[in-house]
Amino acid sequence: MSTSRDLLVDAFCRIRDTVHEVTEGLSPEELAVRLDDGANSIAWLVWHLTRVQDNHLADAAGTDEVWIAQEWSQRYELPFSRFSTGYGHSPGDVAGVGGMPGELLVAYHDAVHEQTVKYLGTLTDADLDRVVDDAWTPAVTLGVRLVSVLSDDLQHAGQAAFVRGWLERP
């Protein structure tokens, strides 16, 4: 890989690939399974990791969130604010993200992925030092924000893969 941009695109592509793998062939009921009352389902994990990516990258890029601009929030018909990303969700909120087909989860993720890759294609290495959030000490740069989103998304994708593995065990 010749640039930081190439590395970032590769990392976000790996998240997209995992989203496809963990949802493929599962019914809405299987996507909604929670290993206990306090656990997250595959549906919630994929929705949340996609919302975080959408929200944080739209903020950094100065663009509209795909969730709102492309009216994904209406397609999902979730029982909470269309601005919700899943942070601070209760077990009841997690249970509210269920009963949806994997194709819907994947389609929203693919739309966000497309926007992400498009944005990453505009970046130079120097852009990664731009401060995107000065509410923290030290201030958060674009590079730090992108790594933070990658870390969060990879953790949730791994959690979803674990739940899928549990569902497929003999």
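Let us look at the structure shown here.

Looking now at the overall build of the chain. Of regular secondary structure, the chain possesses eight helices and two strands. Ordered by position from the N terminus, the helices and strands of the chain form the series α-α-α-α-α-α-α-β-β-α. For 170 residues, the compact-globule estimate of 2.2 N^0.38 gives 15 Å, and the C-alpha radius of gyration of the chain, at 16 Å, lies within 12% of that figure. By its C-alpha atoms, the chain is 50 × 35 × 30 Å across when sized along the principal axes. Out of the 170 residues in the chain, the part that is buried amounts to 44%. Residue pairs in contact within the chain that sit at least 24 positions apart in sequence constitute 72% of those at least 6 positions apart. With an accessible surface of roughly 8700 Å², the chain has 52% of that area assigned to carbon and sulfur atoms.

Before going further, it helps to spend a moment on helix H1 (residues 4-23). For H1, which comprises 20 residues, the first-to-last C-alpha distance of 29 Å matches the rise-based estimate of 28 Å (1.5 Å per residue) to within 8%. Where H1 is buried, its residues contact helix H2 (28-31), helix H3 (42-61), helix H7 (102-120) and helix H8 (142-168).

Below, the discussion takes up the packing of H1 against H8. Running from N to C, H1 and H8 cross one another at 20 degrees; their axes reach a closest spacing of 10 Å. By the angle between their axes, H1 is roughly parallel relative to H8. Crossing of H1 against H8: the hand is left-handed. Packed against H1, whose contacting residues are Leu8, Ala11, Phe12, Ile15, Thr18, Glu21, Val22 and Thr23, the element H8 presents Leu146, Val149, Leu150, Asp153, Leu154, Ala157, Ala160, Ala161 and Arg164 at the interface. The residue makeup of the contact of H1 with H8, split by class, is 12 nonpolar, two polar and three charged.

For the rest of this paragraph, the subject is the packing of aromatic side chains. In this structure the tally under the stated criterion is six aromatic pairs. Seen from their ring centres, tryptophan 72 and tyrosine 108 are 5.7 Å apart, and the 45 degrees between their planes marks the pair as tilted. In this pair, tryptophan 72 sits in helix H5 (residues 72-76) while tyrosine 108 sits in helix H7, placing the two residues 36 residues apart along the sequence. Using a relative accessible area of 6% as the deciding quantity, one classes tryptophan 72 as buried. Using a relative accessible area of 0% as the deciding quantity, one classes tyrosine 108 as buried. Every member of this aromatic cluster is reached through a ring pair, and the members are Trp47, Trp67, Trp72, Tyr76, Phe80 and Tyr108.

Before going further, it helps to spend a moment on the pattern of salt bridges. The final tally for this structure, using the stated rule, is six salt bridges. The residue arginine 16 makes a salt bridge to aspartate 17 at a minimum N-O spacing of 3.0 Å. You can call arginine 16 partly exposed: its relative accessible area is 24%. When its relative accessible area of 36% is taken as the criterion, aspartate 17 is described as partly exposed.

So, on to unusual backbone geometry. The residue after threonine 137, namely proline 138, is reached through a cis peptide bond having omega 0 degrees. Along the chain, proline 138 falls in the loop between strand E1 (131-133) and strand E2 (140-141). The phi dihedral of glutamate 71 is positive, around 60 degrees, even though this residue is not glycine. By the element assignment, glutamate 71 lies in the loop between helix H4 (66-69) and H5. The exposure class assigned to glutamate 71 is partly exposed, which follows from its relative accessible area of 47%. The phi torsion at glutamate 77 lies on the positive side, around 50 degrees, for a residue other than glycine.

Cut-off values and rules
Numbering of residues begins from 1 in every chain and follows the order in which that chain's sequence is written. Totals for whole chains, interfaces and linings use all residues, but because this is a predicted model, local features are given only for residues with pLDDT of at least 70 and pairs of side-chain atoms are given and counted only at 80 or more. Side-chain measures were taken over the full set of non-hydrogen atoms in the model, leaving aside hydrogen atoms and water. The helix and strand labels rest on DSSP assignments: H or I over at least four residues marks a helix, E over at least two residues marks a strand, and numbering proceeds from the N terminus. Atoms counted for the radius of gyration: C-alpha only. Globule rule: 2.2 Å times residue count to the power 0.38. Think of it in three bands: residues with accessible area under 20% of the maximum for their type are buried, residues over 50% are exposed, and the middle band is partly exposed, with areas taken using a 1.4 Å probe on protein chains only. Contacts between residues were defined by any pair of non-hydrogen atoms, one from each residue, lying within 4.5 Å. Residue exposure ignores everything except the shown protein chains as possible cover, and the areas themselves are Shrake-Rupley values with a 1.4 Å probe. What a helix should span is 1.5 Å times the count of its residues minus one. Here an angle of 0 to 180 degrees is reported between the N-to-C directions of two axes, which are lines fitted to C-alpha atoms, with helices fitted over the stretch in contact. Note on angle classes: values under 35 degrees are labelled roughly parallel, values over 145 roughly antiparallel, values of 65 to 115 roughly perpendicular, and the remainder oblique. A clockwise turn of the near helix away from the far one marks a right-handed crossing, whereas an anticlockwise turn of less than a right angle marks a left-handed crossing. Any residue outside Ala, Val, Leu, Ile, Met, Phe, Trp, Tyr, Cys, Pro, Asp, Glu, Lys and Arg is labelled polar, Gly included; the first ten of those are nonpolar and the last four are charged. Each pair of aromatic rings taken from Phe, Tyr and Trp, with Trp reduced to its six-membered ring, is defined by centres within 6.5 Å and is described as stacked if the planes are under 30 degrees apart, edge-to-face if over 60, and tilted in the remaining cases. Put simply, a salt bridge is a Lys or Arg side-chain nitrogen that is within 4 Å of an Asp or Glu carboxyl oxygen.

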